Amino acid sequence: MGEVILTMKEIDKSFPGVHALDHVSFEVRKGEVHALMGENGAGKSTLMKVLTGIYKKDSGTISYEGKEVEFHNTREAQDAGIVIVHQELNMLRHLTVAQNIFIGREFKKGFAIDDKKMNEEAKKLFDKLHIDIDPTETMSNLTVGKQQMCEIAKAISHKAKVIIFDEPSAALTETEIEELFKIIKDLRKQELGIVYISHRMDEIKVITDRVTVMRDGTYVGTLITEKCTKDDIINMMVGRVIYEDPKQHSMVAPGAPVVLKVEHLNAGKMVQDVSFELHRGEILGFSGLMGAGRTETARAIFGADPIESGDIYVNGKKVIINSPEDAVKCGIGYLSEDRKRYGIVVQKTVAENSTMAALEKYMKGLFINKKEEKKVTEEYVKSLATKTPSVEQLVVNLSGGNQQKVVIAKWLVRDCEILIFDEPTRGIDVGAKNEIYKLMNKLAEEGKSIIMISSEMTEILRMSDRIVVMCEGKKTGEVSIEEASQEAIMNMATREIG
Amino acid sequence: MEKIKQNPIVKKLGFNRIILCCVLLLMYLLFSLVGKNFAGLPRILSALNYAYFLGFLSLGVTFVIATGGIDFSIGPVMFCSALISGYCLNSYGVPVALSLGISILVGALFGTFNGYLVAYWSVPPFIVSMASMNIAKGVASVFTKTQSVSWPQSTSEQGWFRNLVKIGNFPVGFVIFLAFAIVCSVILNKTKAGRYILSLGSNKEAVRLSGINIKKWEMLAYIICGILVGIAAIFFVAAYTTVQPGYGDQYNNEAIAGCVMGGTSMAGGLASIGGTVIGVFIIALLQEGILALHFTKDYQLIITGIIVIVAVYADVVARRRKN
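This text gives an overview of the structure that appears in the document. Keep in mind that what you see is a predicted model, and the values were worked out from it rather than measured.

Focus on the overall build of chain B
Logical step 1: Within chain B one finds 14 helices and two strands.
Logical step 2: For 323 residues, the compact-globule formula gives about 20 Å, and the C-alpha radius of gyration of chain B, at 20 Å, lands near that figure.
Logical step 3: Going through the 323 residues of chain B one by one, you find that 54% of them count as buried.
Logical step 4: Of the contacts formed within chain B by residues at least 6 apart in sequence, a portion of 77% connects residues at least 24 apart.

As for the side chain of lysine 410 of chain A
Logical step 1: Tracing the backbone shows lysine 410 of chain A in helix 14 (residues 400-413).
Logical step 2: Of the buried charged residues, lysine 410 of chain A lacks a salt bridge, with glutamate 205 of chain B as the closest side chain of opposite charge at 11 Å.
Logical step 3: Here serine 210 of chain B takes part through its side chain, which lies 2.8 Å from a polar atom of the side chain of lysine 410 of chain A.

Regarding the pattern of salt bridges
Logical step 1: Overall, the coordinates contain 38 salt bridges over all chains when judged by the stated rule.
Logical step 2: In this structure, arginine 299 of chain A and glutamate 205 of chain B form a salt bridge, with 3.9 Å as the shortest nitrogen-oxygen distance. Linking arginine 299 of chain A in helix 9 (residues 294-301) with glutamate 205 of chain B in helix 10 (residues 204-208), this pair reaches from one chain into another.
Logical step 3: Salt bridges sharing common partners tie together Glu27, Arg29, Glu32 and Arg210 of chain A.

Some remarks on the interface of chain A and chain B
How big an interface is tends to be stated in terms of accessible area lost as the parts join.
Logical step 1: At the interface, 30 residues of chain A touch 24 residues of chain B.
Logical step 2: A combined buried area of about 2200 Å² lies between chain A and chain B, and 54% of that area is made up of carbon and sulfur atoms.
Logical step 3: Across the contact surface, chain A and chain B share four salt bridges.
Logical step 4: Across the contact surface, chain A and chain B share 10 residue pairs in polar contact (both at pLDDT 80 or more).
Logical step 5: Taken together, the elements giving at least two residues each to the side of chain A that touches chain B come down to helix 10 (324-329), helix 11 (339-343), strand 20 (367-368), helix 13 (370-383) and helix 14 of chain A.
Logical step 6: By residue number, the principal contributor to the side of chain A that touches chain B is helix 11 of chain A, which donates four residues.
Logical step 7: Looking at side-chain class alone, the side of chain A that touches chain B contains 16 nonpolar, four polar and 10 charged residues.

Some words on the pairing of strand 22 (residues 449-453) of chain A
Residues and elements named next belong to chain A.
Logical step 1: Burial of strand 22 is extensive: five of the five residues sit out of reach of the surface.
Logical step 2: Two elements, strand 21 (residues 418-422) and strand 22, share five bridges in a ladder whose sense is parallel. Counterpart to leucine 419 in the pairing with strand 22 is isoleucine 450.

Details of the packing of aromatic side chains
Each aromatic ring pair is described using two quantities: the centre-to-centre distance and the angle formed by the ring planes.
Residues and elements named next belong to chain B.
Logical step 1: In the structure shown here, the tally under the stated rule is 32 aromatic pairs over all chains.
Logical step 2: On the numbers, 4.9 Å between centres and 80 degrees between planes, the contact of phenylalanine 53 with phenylalanine 236 is edge-to-face. Placement of the pair is phenylalanine 53 in helix 4 (residues 41-66) and phenylalanine 236 in helix 11 (residues 214-240), with a sequence separation of 183 residues.
Logical step 3: The class for phenylalanine 53 is buried, based on a relative accessible area of 0%.
Logical step 4: Residue phenylalanine 236 is classed as buried on the basis of its relative accessible area of 6%.
Logical step 5: Arranged with centres 5.0 Å apart and planes meeting at 15 degrees, the rings of tyrosine 116 and tyrosine 120 form a pair that is stacked.

A look at the sheet that holds strand 4 (residues 59-64) of chain A
Residue and element names in this part refer to chain A.
Logical step 1: The four strands are arranged 2-1-4-5 in an open sheet whose pairing can be described as antiparallel. Strands with a single pairing partner mark the edges of an open sheet, and in this sheet they are strand 2 (18-29) and strand 5 (67-68).
Logical step 2: Where strand 4 lies against strand 5, two bridges are found, and the strand directions are antiparallel. If you follow tyrosine 64 over to strand 5, its bridge partner there is lysine 67.
Logical step 3: Against the sheet, helix 1 (residues 44-51) engages strand 1 (4-15), strand 2 and strand 4, with an angle of about 110 degrees to strand 1.

Re the packing of helix 5 (residues 144-157) of chain A against helix 6 (residues 174-189) of chain A
Residues and elements named next belong to chain A.
Logical step 1: At their nearest, the axes of helix 5 and helix 6 sit 10 Å apart, and the two run at 15 degrees to each other. In terms of axis orientation, helix 5 runs roughly parallel to helix 6. The crossing of helix 5 and helix 6 is right-handed. Between helix 5, through Gly145, Lys146, Gln148, Met149, Ile152 and Ile156, and helix 6, the contact on the second element is made entirely by Glu176, Glu179, Leu180, Ile183 and Leu187.
Logical step 2: Class assignment for the residues of the contact of helix 5 with helix 6 results in six nonpolar, two polar and three charged.

Description of the environment of glutamate 372 of chain A
Residues and elements named next belong to chain A.
Logical step 1: Structurally, glutamate 372 can be placed in helix 13.
Logical step 2: Residue classification places glutamate 372 among the partly exposed positions, given a relative accessible area of 32%.
Logical step 3: Residues glutamate 372 and lysine 361, 11 residues apart in the sequence, show an inter-C-alpha distance of 9.2 Å.

A word on the nonpolar core
Logical step 1: Of all hydrophobic cores here, the largest spans 123 residues; its most connected members are Phe165, Leu187, Leu260, Phe276 and Ile332 of chain A.
Logical step 2: Residues Leu83, Val94, Leu188 and Ile282 of chain B belong to the second largest nonpolar core, which totals 92 residues.

Concerning the packing of helix 5 (residues 74-91) of chain B against helix 11 of chain B
All names here are of chain B.
Logical step 1: One way to put it is that helix 5 packs onto helix 11 with a least axis distance of 8 Å and a crossing angle of 60 degrees. Classified by the interaxial angle, the pair formed by helix 5 and helix 11 is oblique. Considering only the axes of helix 5 and helix 11, their crossing is right-handed. Seen from helix 5, the contacting residues are Ile74, Val77, Met78, Phe79, Ser81 and Ala82; seen from helix 11, they are Cys225, Val229, Gly230, Ala232, Ala233, Phe236 and Val237.
Logical step 2: The residue makeup of the contact of helix 5 with helix 11, split by class, is 11 nonpolar, two polar and no charged.

Cut-offs applied
Residues numbered from 1 in each chain as written. Chains lettered and ligands numbered in written order. Predicted model: local features only at pLDDT ≥ 70, side-chain atom pairs only at ≥ 80, totals over all residues. Heavy atoms only, no water. Helix = DSSP H or I, 4+ residues; strand = E, 2+ residues; numbered from the N terminus. Rg over C-alpha atoms; globule rule 2.2 N^0.38 Å. Buried < 20%, exposed > 50% of the residue type's maximum accessible area, 1.4 Å probe, protein only. Contact = heavy atoms within 4.5 Å. Lys, Arg positive; Asp, Glu negative; His and termini not counted. Salt bridge = Lys/Arg side-chain N within 4 Å of Asp/Glu carboxyl O. Polar contact = N/O pair within 3.5 Å; in protein donor to acceptor, adjacent residues only side chain to side chain. Buried area = accessible area lost by both parts, 1.4 Å probe. Nonpolar A, V, L, I, M, F, W, Y, C, P; charged D, E, K, R; others polar. Pairing = 2+ DSSP bridges. Phe/Tyr/Trp six-rings, centres within 6.5 Å; stacked < 30°, edge-to-face > 60°. Axes fitted to C-alpha atoms, helices over the stretch in contact; angles between N-to-C directions. Parallel < 35°, antiparallel > 145°, perpendicular 65-115°, else oblique. Left-handed = near helix turned anticlockwise from the far one by under 90°. Core = buried A, V, L, I, M, F, W, Y, C linked by side-chain atoms within 4.5 Å.

Rendered as structure tokens:
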């Protein structure tokens, strides 16, 4: 490890309602690979966005190569030599490799673009990195791994001195990861500073020199990778005090029947051989890190995305679900994590949204019985304590928590017995959060069965009767609430692959 | 201003629609002042003739635009309907009543074709309707061997269908058109079809994830449009009797202009049949006024073009403000 090239000190950043970074410090040395770890929402990405000028910091200092700097956009950061290789690649798929690498700074011959020179320069770059890619190849013909290598080459061509890898291995195969590591080791030798963001413990152990852990927007600590164990890191990641009381024991009546059984469900890379059971009156928590495949599993069960194989049983009967229409007929309702896009129709009223899934019940011949519609909606507005001036209010004018209640009403009007809550309290303020929790408990008591996907550990431990943990598209564990602990769940959520 | 907007009567009628009505009246006054002999029944009846067929086109396309789609084939499909049914009448001796039925059928078939491709194959509505515009023109030309078709005159025995437009000086068409507009308004606001069409125009994915077969309802909007286009053809021949193959596209813009001027959002999800009706009358009056002032038809093309852009831009600005 060489001298320090980048130091971030006491970085503070707030968004309305969230203290995203609370005086966080972080440094990178030349020739080191420095892992940045933490749960979802710990502040890793925000910190990197502050560094590269996407967000403006509220306070704190950034010094780079001995000078204090402040970048106003990624372009400035890039020109100075700090580059992010994103998880989602920003490539123009129809251009060639060389054209992508030199985009925005093409070599020219008069007015025309000099493709020949660009190809030569790209070749030189690849040779230097020992990468075997043809610069004239069209980007879309490359594998994701190769595309990522192009992205790295592009970073190097910007004379990068610090490269930030944001979950680079998420989409790669084993061999591609090995190649990536070879390149990273190469870059380390060339005295570059490397920030490596990943959830994969085994990779952290293999490739990094130091680990910095963040939690809830704060800096927890930095460890030398060689001298620490996986448990040390996990303890730092989860070692928070849980303010709300976790559930002590399951509220499900013993011998409650199984209402939903999923067996060997496969749907793309993100849902591999997932099996589980849901009992009547149960809240089944789905825990895991971002990209664990929980939402994808829910969408597959709900028929929103196609299923490749696997069986679904509702109340002991095998069902075929090809579309949300089929799922709703089986009594399954899905409350998306993205309400505005997938939950509500913003230009419609509370009443129109509430009866969306069960309009048949409110028809009088050919016409909608608006009186009945209004009546039933008013009942649910009352029982769910939705704050709205009238049921004729457009839902766009409601707060997040109340919009969520409208979506809940939609499924209750439809008599759904199985409710899938995907991040039910995302973007909802604390007071409304507690109301949603109370409501979910009440629904479970009344015999509804709930799957709750949540990335918040406190929420999982507070609400669930039983917890399923997923990691990279696979179910990696299942614990009862009595046995559950933060450490145990995080351990399963970051399980080594392979 | 805000006070006026909050007045319950104004709210019920719609502020924008009241403004549009004022525009319509002002235009009439202006043309009457400037144009020679513009005031009076003959000009009004002539403008109404234009408003009927255009009105049916506009009602139809309102359903499609409500889903967030667009249909550029309505004008040529109307001509195709009129040509095929008229040719059947003249050359195959099909009775008038049945010919009128054929006209509606042709419109409905094109609507189904467009709707199926848009809803089930996910081909963009712009492309589908551009293509079927050409198909409609081509089919009509092939069917009629590129001859224009003349429907019977009112004096002949078969000319009874012209009473659909007017009997003496009484504008029958006006009554029929308003009746259809009311039916359309009921469909859009009081039935399941209308509810789902407007909802999916606003947020298709949310409606799908409510367990609703959105493809079926999206296709239905195009079918309703097609049927209304077929009816538009009837009112076109009832007013003008002669149809030429290869034309019809000029009415697309006018029908869409009437619709968006009336407050139907190009982005989908918001539609007003009342607004469409007033919008259509404005366009029809405009075309009559331009002719009365001895300008050529070209000026009308320019003005309707500008109207579409201004109306859509106003909608874009309104939505941006809401966000």
